[in-house]
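# Structural overview
So you can see what is in the structure, the chains are spelled out below.
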Amino acid sequence: MECVEINPIGNFDSWEPSKLEELEKNQISESLGQHLLLENANIRVWKVLLFPNERLPFRRSNTDSCWVSMVDGLAITRWDNGKITLLRFKKGDSIFWEPENKHTAFDLENIGEEPSLFHIMEFKEQTENPKTLDMESPL
C-alpha cells in the first residue's frame, strides 16, 4: 500500500467546509468499519465497501488495527490534524495501523473508478493478561 501525503499536518486551507463541520460537531463514529463481521474478546473484524466517490465518515481509531485491501484502488484519507493522504493499494496489500494517540480520527474516500473493499482487524485493548498456550498439553 502506497501512502503519499498530499496535505501537511496543521493545514486545513484546502478542506471542504462540510468536513471541518463534521469534526467541529464531533460527528465521529467509534466503529472502524461499516459492517461488523466478527467480534470476540480480542478482536473485531470489520468490512468497508466504498463505491466510487463514496466516503466513510470520520472514525476514531483507539486501538491497533490491520487493514487488508481485497481489491486494487485509490482513496484519500483526511486526518483530524489536517493531514490528507493519498492511498494507492493493490489486492492483498496490508498495513498495520498503530494510532499515535487514542483519539485520532480519520475518514476514507474512494476516488478510484472501481469499488474499494477492505477488511479491518481491530485489536481490542487487553484488560487482563492474555492466556498463554501450555505447550505440555494437547490442543
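Reading the values: the criteria
- Residues numbered from 1 in each chain as written.
- Predicted model: local features only at pLDDT ≥ 70, side-chain atom pairs only at ≥ 80, totals over all residues.
- Heavy atoms only, no water.
- Pairing = 2+ DSSP bridges.
- Helix = DSSP H or I, 4+ residues; strand = E, 2+ residues; numbered from the N terminus.
- Axes fitted to C-alpha atoms, helices over the stretch in contact; angles between N-to-C directions.
- Buried < 20%, exposed > 50% of the residue type's maximum accessible area, 1.4 Å probe, protein only.

All right, on to the sheet that holds strand β10 (residues 116–123) then. Read across the sheet, five strands follow the order β2-β3-β10-β5-β8 without closing on themselves; strand pairing throughout is antiparallel. In the strand order of this sheet, the two ends are held by β2 (35–39) and β8 (94–97), each with one partner. Neighbour-to-neighbour, the strand axes of this sheet turn through a mean angle of 20°, independent of strand direction. Across four bridges, strand β5 (residues 65–69) lies against β8 in antiparallel orientation. Its bridge partner being in β8, Trp67 is matched across the sheet by Ile95.

Moving on, we get to the pairing of strand β7 (residues 84–89). Here β7 lies mainly inside the structure; five of its six residues are buried. Across five bridges, strand β1 (residues 2–7) lies against β7 in antiparallel orientation. Looking at the pairing, Cys3 lines up with Leu87 of β7. Relative to β7, strand β6 (residues 73–78) is paired through six bridges, and the arrangement is antiparallel. In the sheet register, Thr77 faces β7, and the bridge partner there is Thr85.

Another aspect to go through is the sheet that holds strand β4 (residues 55–61). One open sheet holds the five strands; their spatial order is β1-β7-β6-β9-β4, and the pairing between them is antiparallel. Looking at which strands have only one partner, the edges of the open sheet turn out to be β1 and β4. Geometrically, the sheet is characterised by an average inter-axis angle of 25° between neighbouring strands, direction not taken into account. The pairing of β4 with strand β9 (residues 104–110) spans five bridges and is classified as antiparallel.

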